[in-house]
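If you want the building blocks of each chain, they are given just below.
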Amino acid sequence: SWNETEINYTELLFQHDLLSRNGGEAVTRAILIIMAWASVLLPAVSVHAGENLRIGVCVMGERHPFFRDMLDEITKEAARVGVTVVPGNADFQHERQVRVIEEFVAAKVSLIMVAPYDARRLVPTLDKAGKAGIPVMSIDAAVGGYPTITHCGSDNFAGGRLAAGLMLEELD
């Protein structure tokens, strides 16, 4: 059984002052944190020794630079550790994300990483992954009502508070 672990990278990004000065590096660091956790989890999801690990990664939409960069960096980092990424793009459409997740399940990927477009409505589709024995990791937005093995996302309220504090410091 998996214990859900939440990784809050908002504070890490602000501690390094990356978000305000170099957004691309901030995204890369956040993705590296995701991949570090995934690299710990992936060996545990392999059913057979020596099996090639394949992770299905479905982002909300590749048209947005954040998600395009996320998918690119996850793919690069996965290749570096010998893991194959099966990419998926929801194109900001719930129905399309459902189809992508169902394709991952049919392809019997080892793990699904998903940035849910509509988290609540995605639960029945993720249930299919669970029934097929495929663990799910949520990225960027949590999936309420589904037991993901881990979640990596930011606390936007805390991020806003930190940003306001930095702005106030600059005004002084």
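Residues numbered from 1 in each chain as written. Predicted model: local features only at pLDDT ≥ 70, side-chain atom pairs only at ≥ 80, totals over all residues. Heavy atoms only, no water.

What follows covers the pattern of salt bridges. Taken as a whole and judged by the stated rule, the model has 7 salt bridges. The salt bridge involving R96 is made with D91; its shortest N-O contact spans 3.5 Å. R96 sits in the partly exposed class, given a relative accessible area of 31%. R121 is the salt-bridge partner of D118, the closest N and O atoms lying 3.4 Å from each other. Residue D118 is classed as partly exposed on the basis of its relative accessible area of 23%. Relative accessible area serves as the criterion here: at 46%, R121 is assigned to the partly exposed category. Overlapping salt bridges, with partners in common, bring together R63, D91 and R96 in one network. (Salt bridge = Lys/Arg side-chain N within 4 Å of Asp/Glu carboxyl O. Buried < 20%, exposed > 50% of the residue type's maximum accessible area, 1.4 Å probe, protein only.)

With that settled, the discussion passes to unusual backbone geometry. We note that F92 has phi near 55°; this positive angle belongs to a residue other than glycine. For F92, a relative accessible area of 27% gives the class partly exposed.

A few words on helix α6 (residues 119–131). Over its 13 residues, α6 runs 18 Å from end to end, which matches the ideal 18 Å to within 8%, given 1.5 Å per residue. T125 marks where α6 bends most, by close to 35°. If you check which residues of α6 are buried, you get A119, L122, V123, T125, L126 and A129. On its buried face, α6 sits against α5 (94–106), β4 (111–114) and β5 (136–140). Positive phi shows up at G133, right after α6, with a value of about 80°. (Helix = DSSP H or I, 4+ residues; strand = E, 2+ residues; numbered from the N terminus. Expected span 1.5 Å × (residues − 1). Bend = angle between axes of the 7 residues up to and from the residue. Contact = heavy atoms within 4.5 Å.)

The next subject is the confidence of the model for the protein. On average, the protein scores 77 in pLDDT, and the residues at 70 or more come to 70%. Counted against residues more than four places away or in other chains, residues 1–24, with its pLDDT under 50, gives 51 contacts. (pLDDT = per-residue confidence, 0-100.)

The side-chain alternation of strand β6 (residues 150–153) yields two buried faces, one formed by T150 and C152 and the other by H151 and G153. As judged from the 4 bridges shared by β5 and β6, these two strands associate in the parallel manner. Residue M137 lies in a different strand from β6, and its bridge partner there is T150. (Pairing = 2+ DSSP bridges.)

The subject of this paragraph is the packing of aromatic side chains. This structure, assessed with the given rule, holds 3 aromatic pairs. Look at F66 and F67: their rings are 5.1 Å apart centre to centre, the planes differ by 80°, and that puts the pair in the edge-to-face class. Among the residues examined, F67 registers a relative accessible area of 6% and is labelled buried. Aromatic ring contacts, followed pair by pair, group F66, F67, F92 and Y117 into a single cluster. (Phe/Tyr/Trp six-rings, centres within 6.5 Å; stacked < 30°, edge-to-face > 60°.)

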